[in-house]
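Read off the chains here:
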Amino acid sequence: MSESKIHEVPSDIAARAHIDHDQYQSLYQRSVEDPEGFWAEQADRFVTWFKKWDKVMDYSYGPDDVFIRWFDGGKLNVAYNCLDRHLDTRGDQIAIVWEGDDPSVDRSLTYRELHAEVCKLGNVLKSRGVKKGDRVCIYMPMVPEAAVAMLACARIGAVHSVVFGGFSPDSLRDRILDSDCRVLITADESLRGGRQVPLKKNADQALAECPDVSTCLVIQRTGGEVAWNGERDLWYHEAMAEASVDCEPEPMDAEDPLFILYTSGSTGKPKGVLHTTGGYLVFAAMTHLYTFDYQDGEMYWCTADVGWVTGHTYIVYGPLANGAKTLMFEGVPNYPDNSRFWQVVDKHQVNIFYTAPTAIRALMRAGTDPVKATSRSSLRILGTVGEPINPEAWEWYYQVVGDSRCPVVDTWWQTETGGHLITPLPGATPLKPGSATRPFFGVVPALVDASEGTLIDGAGEGALVITRPWPGQMRTVHGDHQRFIDTYFKQYPGYYFSGDGSRRDADGYYWITGRIDDVLNVSGHRLGTAEIESALVLHEAVAEAAVVGYPHDIKGQGIYAYVTTMAGVEPTDALKQELVKLVRTEIGPIATVDIIQWAPGLPKTRSGKIMRRILRKIAANEVSALGDTSTLADPTVVEDLIDHRANQ
Ligand code: ATP
Ligand code: MG
């Protein structure tokens, strides 16, 4: 790939940043040389403890047992840290700004108001028999009550399992059963892009097969009609009207579970990732403050849904632990029109904006006019997460959205990692478009040769592993510790294996190349999907591309590219030839795309990630066994690709 340009740290950003270049160097060094001392300091700084821990960290990465413990013996409560401790200093400051699906609808809650709601809901849950350690399922629209529900669970020591409100009744049922939830919190309907989604109806269908759920608490969002089971169902507003605002926070052990969350399902059956209390909160708060360089009083907006880990750590727990103003958005980027994100930025004077490459690529496809129609002058920092961001999309985000003024933090992390592991810090890290840059404090990544398992020194490419624990690391797969060991610790003994591949350049910058299972082997050459896709989207006619390998008689694997053109562009054979040529020039003759299929849409998870495992099946003509498709956002996309596949 041609050498990318470097964006130096803007001097005004560096001048007031929490962490500048030299501080990053010295603090990072300290964090790896004296992890116990370093993390004890951070735990003290970011979290208020009822009782201090006995031991900072204890762990085994196998080969036999795998366990990870942080701040053992410490006592704390997450809701206390996100709410109560702010009341004296910022009780009347806004905690959550909520922007409804309809642009004329918004509302906000101060820390004091949010605290009161959380206490009341804690009491409602207790009155329905929820005790410390019990699991509560949350299946909600993006409304402040979703955060209230999470915090209420945390306050009374219940373990929440948030299921994205776009999931089907079957997906909801599977998750409720897997984590044995006894209470479900949902809403009558949700509202997205002007359309109602019948949450309660879906819930009823799911609960028909979940006999152990004894309470279904229903928030009235739209007033739409719902069926009612008098023994099980309870209106949220009625229950809350009678609840007391006094609810003592339950003192939790640092290693008590905080939540279970299922992964997106990009690579297979979702895993019930379990996070615990103390380490997670320290890591959430610290990464939120430093990665976004959050300054007191700023308006911060993460566009994720609370149904994903990004919503957990970077809409709710991280920002609230830091006493920030966090914006919660109910809608979608293209409703009422493609300007919506930027209108919301102007309306609420957003300073820090965090979204996903899938949204950036979709908005890019619509052109610059919807962006340029807005001011965006309040923006200071931009962020991205979820997939590798192609340099082309990075530059568009930087130049068009940020007017070449705002650093872009490309944050690499996973549901499993709890928070950012590899990311720039705005005041410290010169940026290279497409690179997640350098490790966060205390994080020691390494690359291993994917087949030999040997460590790679210096510049190179391989499987991305982490060599020691960090406080936000998941502790187990709920109910299946063996799956935890097998998935993350078997392949490369002694390391946590992320499942992703990465390149490391001579400056020590990491470039995530995609899932290691997606790596192509063309005539003995290993090619990452991200690299080829980035070359394809360099072409002005291309909006999005997904690349997979397929069996090829001579090369072993051939390159099969699914390409979505820009709005209004006619796909032609001449364009195909141009694209093949472009990839060869960018990467080299080995990267000769064998087949291009025009794709009006790509199969994505409900969190917006491309599902290459399905594309691989289509390319290989194995369309009768597509695997787990329950997390697929739009099944018709797959049908269309199958009908038009180019390798029959
Ligand atoms: P499943 O584990 O069920 O297959 P998933 O991996 O998509 O689903 P998540 O935990 O939501 O579930 O996503 C984490 C993955 O997203 C990472 O492993 C990586 O592949 C990708 N990812 C996240 N952020 C970035 C980033 N900044 N750059 C490149 N890839 C990223
Ligand atoms: Mg994963």
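Residues numbered from 1 in each chain as written. Chains lettered and ligands numbered in written order. Predicted model: local features only at pLDDT ≥ 70, side-chain atom pairs only at ≥ 80, totals over all residues. Heavy atoms only, no water.

Novice: Lay out the site of ligand 1 with the relevant residues and their values.
Specialist: Close to ligand 1 lie 21 residues, the nearest being T263, G265, S266, T267 and T415. A distance of 2.8 Å separates an oxygen atom of ligand 1 from a polar side-chain atom of S264. Measuring from a nitrogen atom of ligand 1, one finds a side-chain N or O atom of D410 at 2.7 Å. Protein chains bury 95% of the 640 Å² of accessible surface belonging to ligand 1 in isolation. Along the lines of polarity and charge, the residues of the shell around ligand 1 split into five nonpolar, nine polar and seven charged. (Near = heavy atom within 4 Å. Polar contact = N/O pair within 3.5 Å; in protein donor to acceptor, adjacent residues only side chain to side chain. Areas by Shrake-Rupley, 256 points an atom, 1.4 Å probe, with all protein chains shown as cover. Nonpolar A, V, L, I, M, F, W, Y, C, P; charged D, E, K, R; others polar.)

Novice: Account for the UniProt feature "modified residue: N6-acetyllysine" (unreviewed entry) in the chain, naming residues and giving values.
Specialist: According to UniProt, the positions carrying the feature "modified residue: N6-acetyllysine" (unreviewed entry) are K609. Note that K609 resides in the loop between β31 (595-598) and α20 (612-619). For K609, a relative accessible area of 17% gives the class buried. Here K609 is in contact with S264, S266, G386, E387, R515, P603 and K604, once residues within four sequence places are set aside. Within the structure, K609 has its side chain in polar contact with the backbone oxygen of G386 (distance 2.9 Å). (UniProt positions renumbered as here; feature names shortened; annotations may be inferred. Helix = DSSP H or I, 4+ residues; strand = E, 2+ residues; numbered from the N terminus. Buried < 20%, exposed > 50% of the residue type's maximum accessible area, 1.4 Å probe, protein only. Contact = heavy atoms within 4.5 Å.)

Novice: Which residues make up the sheet that holds strand β25 (residues 496-504), and what values go with them?
Specialist: Spatially, β22-β21-β23-β25-β26 is the arrangement adopted by the five strands of the open sheet, whose pairing is antiparallel. Edge strands, defined here as strands with exactly one partner in the open sheet, are β22 (455-456) and β26 (510-515). Of the strand pairs in this sheet, strand β21 (residues 445-448) and β22 are connected by two bridges, and their pairing is antiparallel. Its bridge partner being in β22, V448 is matched across the sheet by L455. (Pairing = 2+ DSSP bridges.)

Novice: Quick one: what's the story with the UniProt feature "binding site: ATP" (unreviewed entry) in the chain, residue by residue and with numbers?
Specialist: Per the UniProt record, "binding site: ATP" (unreviewed entry) is annotated on G386, E387, P388, D410, T411, W412, W413, Q414, T415, D500, R515 and R526. These residues run over 141 residues, and the two farthest C-alpha atoms among them are 26.9 Å apart, placing them at more than one spot. In this fold, G386 is placed in the loop between β19 (381-384) and α16 (391-401). When its relative accessible area of 32% is taken as the criterion, G386 is described as partly exposed. Apart from residues lying up to four places away in sequence, G386 is in contact with P357 and K609. Here T411 is to be found in the loop between β20 (408-410) and β21. Sequence-distant contacts of T411, defined by excluding residues within four places in its chain, comprise T291, Y354, T384, V385, H420, I422 and T423. Within the structure, the side chain of T411 is placed 2.8 Å from the backbone oxygen of T384, a separation counted as a polar contact.

Novice: Go over the side chain of T411 with me, naming the residues and quoting the values.
Specialist: The buried category is assigned to T411, whose relative accessible area is 3%. Reaching out from T411, the side chain makes a polar contact with the side chain of Y354 at a distance of 2.6 Å.

Novice: Before we move on, can you summarise the pairing of strand β7 (residues 159-162) with the specific residues and values?
Specialist: Two faces belong to every sheet, and in a regular strand the side chains alternate between them. Of the two faces of β7, both are covered, the one formed by V159 and S161 as well as the one formed by H160 and V162. As paired elements, strand β6 (residues 135-138) and β7 share four bridges and run parallel to each other. Each residue of the ladder has a partner; that of V136, found in β7, is H160. On the question of chirality, the crossover connecting β6 to the parallel β7 by way of helix α7 (residues 144-156) is right-handed. Of the pairings in the sheet, the one linking β7 to strand β14 (residues 257-262) comprises two bridges and is parallel in character. Bridging from a neighbouring strand, H160 pairs with F259 of β14. (Right-handed = clockwise from strand over helix to strand, strands pointing away.)

Novice: Hey, could you go over the environment of G427 for me, with residue numbers and the actual values?
Specialist: One can find G427 in the loop between β20 and β21. Note: C-alpha distance between G427 and P407 (20 residues apart in sequence) is 8.6 Å. Other than its neighbours up to four places away in sequence, G427 contacts V9, I13, A14, A17, I19, D20 and H21.

Novice: Pulling in residues and values, what's your account of the packing of helix α14 (residues 357-365) against α16?
Specialist: Contact pair α14 / α16: the axes reach a minimum separation of 10 Å and the direction vectors enclose 75°. Viewed along their axes, α14 and α16 adopt a mutual orientation that is roughly perpendicular. In this structure, α14 uses I360, R361, L363 and M364 to contact α16, whose residues at the interface are E392, A393, W396 and Y397. Classifying every residue of the contact of α14 with α16 gives six nonpolar, no polar and two charged. (Axes fitted to C-alpha atoms, helices over the stretch in contact; angles between N-to-C directions. Parallel < 35°, antiparallel > 145°, perpendicular 65-115°, else oblique.)

Novice: Could you give an account of the confidence of the model for the chain, naming the residues involved and the relevant values?
Specialist: Of the residues in the chain, 99% reach a pLDDT of 70 or more, and the chain-wide mean stands at 96. What the predictor reports for the complex is a pTM of 0.96 with an ipTM of 0.99. (pLDDT = per-residue confidence, 0-100.)

Novice: Could you give an account of the nonpolar core, with specific residues and numbers?
Specialist: F71, L114, L121, I185, Y317 and F441 are the most contacted members of the largest nonpolar core, which totals 141 residues. In terms of residue count, α7 provides more of this core than any other element does, ten residues in total. If we ignore the near neighbours within four places in the chain, the residues touching F71 are W39, A43, W49, W53, K55, V56, A254, G278, G279, V282 and P471. If you look at the next biggest cluster of nonpolar residues, it comprises 29 residues, including M364, W396, V400 and C406. (Core = buried A, V, L, I, M, F, W, Y, C linked by side-chain atoms within 4.5 Å.)

Novice: Break down the pattern of salt bridges for me, with residues and values.
Specialist: A full pass over the atoms with the stated rule returns 43 salt bridges. Notably, a salt bridge pairs R155 with D84, separated by 2.8 Å at the nearest N-O pair. Taken together, the residues R155 in helix α7 and D84 in the loop between α4 (78-82) and α5 (87-90) connect sequence positions 71 residues apart. Neither R155 nor D84 differs from the other in exposure class; each is buried. K432 is the salt-bridge partner of D507, the closest N and O atoms lying 2.7 Å from each other. On the criterion of sequence distance, the pair formed by D507 in the loop between β25 and β26 and K432 in the loop between β20 and β21 is long-range, its members being 75 residues apart. A relative accessible area of 45% places D507 in the partly exposed class. Linked through salt bridges whose partners overlap, the residues forming this network are E99, D106, R340 and K347. (Salt bridge = Lys/Arg side-chain N within 4 Å of Asp/Glu carboxyl O.)

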